[in-house]
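As a plain string of letters, each chain reads:
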Amino acid sequence: MLDIRGVTKSYGTREVLTDVSFTVGDGCMTGFVGANGAGKTTTMRIILGVLSPDEGTVLIDSVPVTASDRRRFGYMPEERGLYPKMKVAEQLVYLARLHGLSPASARRNTADLLERLGLTERAGDTVESLSLGNQQRAQIAAALVHDPEFLVLDEPFSGLDPLAVEVVMSVLAGYAAQGAPVLFSSHQLDIVERLCDDLVIIADGEIRANGSGEALREQHSSPRFEIRTEGDTGWIRSQPGITVIDFDGDFAVFEAETDAASQAVLRHAITLGAVQTFSQQRPSLATIFKEVIA
Amino acid sequence: MTTSRATTPRVRSAFYELSASNARELYRNKKGSFSILFMFFFLLLLIVGLNFAVNDGNRPEPIVAVTGAAAGMTPLLVTLDSRGVEATSARITGEENATINVNDNHAAVVLTGQDPPRWIPLVEAIEASGIPYANIAVQDESGFAQVDLLRANLPAVAAIGFMAIAFMGTAVPLVSLRQRGTLRLLGTTPVKKLTFIAAQTPVRFASGMVVALLVSVISIAMGYVSVVGLARLTATFLLGLLMFFAFAYLLASRSRNAELINHISAVIPVLALFASGEVFPKQILPEPVLVALNVLPTTWFAQAAGTDLSGTTPFIDVYLLWAMMLAVTIGVALLAARIFVWDDRDR
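These numbers were taken from a predicted model, which means no experiment stands behind them.

**So, the pattern of salt bridges**
Logical step 1: Enumeration according to the criterion identifies 20 salt bridges over all chains in this entry.
Logical step 2: A salt bridge links K9 of chain A to D54 of chain A; the nearest nitrogen and oxygen atoms lie 4.0 Å apart. Of this pair, K9 of chain A sits in strand β1 (residues 2–11) while D54 of chain A is found in the loop between α1 (40–48) and β4 (55–60), placing the two residues 45 residues apart along the sequence.
Logical step 3: With a relative accessible area of 43%, D54 of chain A lands in the partly exposed category.
Logical step 4: Among the salt bridges present, the one from E127 of chain B reaches R151 of chain B, with a minimum N-O distance of 2.8 Å. Of this pair, E127 of chain B sits in helix α4 (residues 120–128) while R151 of chain B sits in helix α5 (residues 149–180), and the two are 24 residues apart along the sequence.
Logical step 5: E127 of chain B sits in the partly exposed class, given a relative accessible area of 22%.
Logical step 6: Note on R151 of chain B: relative accessible area 3%, which makes it buried.
Logical step 7: Three or more residues are tied together by salt bridges with common partners; here these are E90 of chain A together with R24, E25 and R28 of chain B.

Below, the structure written as structure tokens:
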């Protein structure tokens, strides 16, 4: 488990991270969301030990991260940085070797990843000759090729087409399923919503929200319900403790002052006929994000 | 997830991988590879051409009258004769176009007549007769000193070649890697900074050896350098090359602006050349300027190389120059490794 505790970082007089704390559990996909300049990349670089925090610490299973732990991480930087004129497979083997793998293991891992990421046919092409999407896949392979125990990925989905997104999601999910903590940042909130177990929202260098997707939805859910029945729903307006927000014949959206008030609406609707749907409205990640960074 | 966990990285292995990768990258980058040796070959060909045009082309063969002390004259006349140069011990024909006055292990060559002869063979013969190059002066009838442009400028050409390899061929690509984010990626591997920096050297060092070898071959072929001198020159080249690499690493240790470093790399060799005392004769420079220039490490290299290539006298002993170059190399290399950043945001 990765544990980030009270991390503070300043550049000159500008504090870019303030008391940042969160955890990335084993086998847990954690989305790291924030606007540009919010502090995501700085946090990730501190996690890797490439950058030192002014205060705070990063722990792996309760032990502070040291330089020698770097090989345990798979990191994909936002600024890509593969050698443009080097062939894809050669580049992956090279990076794996720098991480300490034997030549045979490096070649085996490279072939395996290229297969899983759909790049086998491009193995002999130079990086600069690949499409942007394939360059991105190669970059992801570079982060994974030394078989890391932890993944820290900065915008791994940017520039990927929907098909490639699915492929990469599947590869990352495979890592998490085998117990690796996976932290990734993304501006594509729909992907984060689909893929993540946990979510960390950062703004202006401070963690604004942190927890499982379910917990965050619960925390930020409004007392708003929607109902669809076979008949007219106009009667809801006269119910005590209820304010109708939207109404369209057999469909209504309303806010209930108490749980009892909302349940009373449901009970009354059943007495009038079949109820097709009745549910509490769940906020989307985008809604939560907008709400917490506002 | 695959099954091969990373083992403890071996420094030698990482060094090998990085060195091999650097070599391949340099090979792939044809333009870059060409540019790092271009300056050397361009200058060398320019100097050779100029030297031929100024001192050799279309000049008549020398007819020499040798004067002075008998002890010096006799071996010189023998040497001139063995080299096919027409020479007499007195002005008896009136057809001579050069005179050589030998005295006290010094020789003064004066080119006479409307059409001065090829004189470089005369200097070679005088040297072969046992008079050191530094004790030989050549001038025309009006007293204008004649210079063997190739011999005088070989140290500078070697220095330019080394500096081009170090600065344009090493510092600029390193900063480009940082600018492109490659260093950021490599910075997340267990590779140590010193290992990474050191691994940039082998392939470039080989290029430097090409320069050193060519200059050495020319020096031997032209008779500029003795066997002892060649050994000393080789040591000077090795130390100089390493010193220039150290400065290149220092230059590249923090910047992420490859264009700026490219401009600086283009200017440094020229500045260093003019400051080395090999372009402007030391005699015309004021004493305070000479003292200031002698503080520059590039001057140390040029003067140490000039001792064996051009027969010039350095401002201090060559071995002291070596010690100073070595000390600076170690100090600057360690400083470069210490302040080197994978990414400028790491500062």
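Having put the structure on the table, let's press on.
**Digging into the side chain of T201 of chain B**
Residue and element names in this part refer to chain B.
Logical step 1: Mapped onto the elements, T201 comes out in helix α8 (residues 201–221).
Logical step 2: Within the local environment of T201, its side chain forms a polar contact with the side chain of Y249, the two groups lying 2.6 Å apart.
Logical step 3: Not counting residues up to four positions away in its chain, the partners in contact with T201 are F245 and Y249.

**What to know about the confidence of the model for chain B**
Logical step 1: For chain B, mean pLDDT is 86; residues scoring 70 or higher make up 92% of the total.
Logical step 2: This stretch, residues 1–9 of chain B, has a pLDDT under 50; its non-local contacts, to residues over four places away or in other chains, come to 32 contacts.

Analysis parameters
Residues numbered from 1 in each chain as written. Chains lettered and ligands numbered in written order. Predicted model: local features only at pLDDT ≥ 70, side-chain atom pairs only at ≥ 80, totals over all residues. Heavy atoms only, no water. Salt bridge = Lys/Arg side-chain N within 4 Å of Asp/Glu carboxyl O. Helix = DSSP H or I, 4+ residues; strand = E, 2+ residues; numbered from the N terminus. Buried < 20%, exposed > 50% of the residue type's maximum accessible area, 1.4 Å probe, protein only. Polar contact = N/O pair within 3.5 Å; in protein donor to acceptor, adjacent residues only side chain to side chain. Contact = heavy atoms within 4.5 Å. pLDDT = per-residue confidence, 0-100.

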